[in-house]
Amino acid sequence: MRKLLEDLMLRLLKTYSPTGSEELAIKAYTDFLKSIGVNTVEVDDVGNALFTYGSGSKWLLLAGHIDTVEGELPVSYDGKVFRGRGAVDAKGPLVSMTIGALEALKYLDTSRYRVTVAALVGEEGRSPGAKALIRRGLKPTAIVIGEPSGCDGVVIGYRGSIKLRLVCRGTGGHSSNPEGGISAIEEFINTWLKLKELSKTLNVSIGMNYISGGQLFSVIPKLCEGVIDVRVPIGMKLSDVKSKIDELLSTYCSYEVIDETPPVRVSVNVPVVRALVRAIIKNGLKPSPAIKLGTSDMNLLVSLTDNIVSYGPGRSELAHTDHEEVSIEELELGAKVYKDLILEFFTNT
Amino acid sequence: MMLKCPICGGSVEVPDDALPGELVDHDCGVTLEVVNDGGTIKLRPLEGVREDWGE
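These numbers come from a predicted model, not from an experiment. (Residues numbered from 1 in each chain as written. Chains lettered and ligands numbered in written order. Predicted model: local features only at pLDDT ≥ 70, side-chain atom pairs only at ≥ 80, totals over all residues. Heavy atoms only, no water.)

Student: Tell me about the overall build of chain A, residues and numbers included.
Tutor: Of the regular secondary structure elements, chain A holds nine helices and 16 strands. The C-alpha atoms of chain A give 23 Å as radius of gyration, which agrees with the globular expectation for 349 residues (20 Å, within 12%). Principal-axis analysis of the C-alpha atoms gives chain A an extent of 75 × 40 × 35 Å. The 349 residues of chain A split such that 57% are buried. Only carbon and sulfur atoms are counted for the fraction: they give 51% of the accessible area of chain A, which is about 14100 Å². (Helix = DSSP H or I, 4+ residues; strand = E, 2+ residues; numbered from the N terminus. Rg over C-alpha atoms; globule rule 2.2 N^0.38 Å. Buried < 20%, exposed > 50% of the residue type's maximum accessible area, 1.4 Å probe, protein only. Areas by Shrake-Rupley, 256 points an atom, 1.4 Å probe, with all protein chains shown as cover.)

Below, the structure is given as structure tokens:
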């Protein structure tokens, strides 16, 4: 198992694949599968790679993602630790998931059970990969999302998110007389401060990703715009948050929703969560249920089934940092948990 | 097997092959953990669902 993990992990880490540029990594993934005799790999119309074994009606979908955030990092492996962009989020989980699924194949009656492993594109963006699966109307019995949770983490929920483009417009005029007009930048700042107050009263997090506005010389700014990242806790409706934002906007500001994802929370009673918990216990660890503050493809794929959970090796606090690293021991343990999860799901739930 | 919820006293159905460490959401709203108490399988409230950064 270790050699397969090392081989696939290095192929993927060496193929930098920020969101929107996943083609070469998908090819590296499919080339690896073909090299070990898996020839039933499909690359769909948005660029996801999927392979399936078995033909039974009880069907488990394992969905990892192959894209990463921007920012290429040096790739290294010293026999113990892999370093490089995506080592944690989420090539490590995808590698463990893939090898774990191939290990489970040795023990399964494929006439009764079916397993699909998907390397999805675009998760760090607008999730075109997950949305393509939804459009296809797939109906798996259960889904496991591949995201770093530590080898013992059982992720049963994610917050939701709303990405807004906030636009404020001023009147113009000579900036030697700033009271003579409305400044788009000042309107933007005022709105931003109100949003920060709202974040406290609603218990949502609100961050700014981008801002642009004004002219360099002597003009009261006519335009200021920015991208605002709102994270919505479990149990809260996106529409309620947007209504509150509507109430605080001045007549000079408006927004459009660039993207939005509702929060998700599943019960620990669903069969795939039980299968994961048992797999973690059987590998000598104590399961640690968790809610994530970010979002993942779980927020979307829950529309296919609420028999869903997220799991994967790797320390999530390193995700998106310049210090992404994961050990071969973590990948190996993660692969064993995925293998046992699959076997538990088909034989004991 | 039927066990007793340590919070509300209600019945909780747990699979016969449940392992210590397994989790159960009960109707009363609490998440419970299966424990082996000197050879007896019982339930106790889960210490908490952690919040974690990450996507």
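Student: Lay out the state of the cysteines in plain terms, naming residues and giving numbers.
Tutor: Considering all chains together, one arrives at one disulfide over all chains under this definition. Cys 168 of chain A shares a disulfide with Cys 253 of chain A; S-S distance 2.1 Å. Between Cys 168 of chain A and Cys 253 of chain A, the disulfide has an S-S torsion of 110° and is therefore right-handed. With Cys 168 of chain A in strand E9 (residues 160-169) and Cys 253 of chain A in strand E12 (residues 253-261), this pair connects stretches of sequence that are 85 residues apart. You can call Cys 168 of chain A buried: its relative accessible area is 0%. We classify Cys 253 of chain A as buried; its relative accessible area is 7%. Free cysteine Cys 5 of chain B: the closest other cysteine sulfur is in Cys 8 of chain B, separated by 3.7 Å. (Disulfide = S-S within 2.5 Å.)

Student: Can you explain the interface of chain B and chain A? Please cite residues and give values.
Tutor: With 22 residues of chain B at the contact, the number on the chain A side is 34 residues. Counting the contacts that link chain B with chain A gives five salt bridges. Among the salt bridges present, the one from Arg 274 of chain A reaches Asp 17 of chain B, with a minimum N-O distance of 2.9 Å. Between the two partners, chain B and chain A, sit eight residue pairs in polar contact (both at pLDDT 80 or more). Put simply, the parts of the chain that give the side of chain B that touches chain A at least two residues each are strand E3 (23-25), strand E4 (31-37) and strand E6 (50-52) of chain B. Per-class residue counts for the side of chain B that touches chain A are nine nonpolar, four polar and nine charged. In this sheet, E6 of chain B lies alongside strand E14 (residues 288-292) of chain A in parallel orientation, the contact comprising three bridges. Looking across to E6 of chain B, one finds that Lys 292 of chain A is bridged to Asp 52 of chain B. (Contact = heavy atoms within 4.5 Å. Salt bridge = Lys/Arg side-chain N within 4 Å of Asp/Glu carboxyl O. Polar contact = N/O pair within 3.5 Å; in protein donor to acceptor, adjacent residues only side chain to side chain. Nonpolar A, V, L, I, M, F, W, Y, C, P; charged D, E, K, R; others polar. Pairing = 2+ DSSP bridges.)

Student: Give me the environment of Ser 212 of chain A: which residues, what numbers.
Tutor: Residue and element names in this part refer to chain A. Residue position: Ser 212 is located in strand E10 (residues 205-213). Between the C-alpha atom of Ser 212 and that of Leu 223, which follows or precedes it by 11 residues, the distance is 8.4 Å. With sequence-adjacent residues up to four places away left out, Ser 212 is seen in contact with Leu 223, Cys 224 and Glu 225.

Student: Break down the sheet that holds strand E4 (residues 76-77) of chain A for me, with residues and values.
Tutor: Residue and element names in this part refer to chain A. The strand order E4-E5-E16 describes an open sheet built from three strands, whose pairing is antiparallel. Edge positions in the open sheet fall to E4 and strand E16 (325-327), since each of these has one partner strand only. Looking at chain direction, E4 and strand E5 (residues 81-83) are connected through two bridges and run antiparallel. When the bridges of E5 are listed, Ser 76 appears paired with Arg 83. Against the sheet, helix H1 (residues 2-13) engages E4, E5 and E16, with an angle of about 15° to E5. Sitting on the sheet, helix H9 (residues 328-348) touches E4, E5 and E16, and the angle it makes with E16 is about 65°. (Axes fitted to C-alpha atoms, helices over the stretch in contact; angles between N-to-C directions.)

Student: Tell me about the environment of Asp 52 of chain B, and name the residues and values.
Tutor: Secondary-structure assignment places Asp 52 of chain B in strand E6. Discounting chain neighbours no more than four positions away, the residues touching Asp 52 of chain B are Ile 291, Lys 292, Leu 293 and Ser 316 of chain A.

Student: How would you explain the packing of H1 of chain A against H9 of chain A if you had to name every residue and give the values?
Tutor: Residues and elements named next belong to chain A. Running from N to C, H1 and H9 cross one another at 115°; their axes reach a closest spacing of 10 Å. Relative to H9, the element H1 is oriented roughly perpendicular. Judged by the sense of rotation from one axis to the other, the crossing of H1 with H9 is right-handed. Contacts between H1 and H9 involve Arg 2, Leu 5, Glu 6 and Met 9 from the former and Ile 328, Glu 329, Leu 331, Glu 332 and Ala 335 from the latter. Split by residue class, the contact of H1 with H9 holds five nonpolar, no polar and four charged. (Parallel < 35°, antiparallel > 145°, perpendicular 65-115°, else oblique. Left-handed = near helix turned anticlockwise from the far one by under 90°.)

Student: Break down the domain arrangement of chain A for me, with residues and values.
Tutor: Residue and element names in this part refer to chain A. With domains assigned, chain A is organised as domain 1 (2-158 + 263-348) and domain 2 (160-261). For domain 1 and domain 2, the distance between their C-alpha centres works out to 36 Å. Contacts between the two partners involve 14 residues from domain 1, matched on the other side by 12 residues from domain 2. Around 800 Å² of area is buried between domain 1 and domain 2 when both sides are counted, 63% of it from carbon and sulfur atoms. By the criterion of area lost to domain 2, the three top residues of domain 1 are Arg 126, Pro 263 and Thr 295, representing 59% of everything that side buries. Our count for the contact surface shared by domain 1 and domain 2 stands at one salt bridge. One salt bridge connects Asp 259 with Lys 131, and the closest N-O pair in it is separated by 3.8 Å. Joining domain 1 to domain 2, the criterion identifies zero residue pairs in polar contact (both at pLDDT 80 or more). Contributing elements (two or more residues each) for the side of domain 1 that touches domain 2: strand E8 (150-158), strand E13 (264-265) and helix H8 (298-301). (Domains from an automatic or database assignment. Buried area = accessible area lost by both parts, 1.4 Å probe.)

Student: So, the sheet that holds E12 of chain A: which residues are in play, and what are the values?
Tutor: Residue and element names in this part refer to chain A. Overall, antiparallel pairing links the four strands, which are arranged E10-E11-E9-E12 in an open sheet. Every other strand in the sheet has two partners, leaving E10 and E12 as the edge strands with one partner each. Across the sheet, the axes of successive neighbouring strands diverge by a mean angle of 20°, strand direction being ignored. Here E10 runs beside strand E11 (residues 223-232); their pairing, made up of eight bridges, is antiparallel. Counted as the bridge partner of Ile 211 is Gly 226 from E11.

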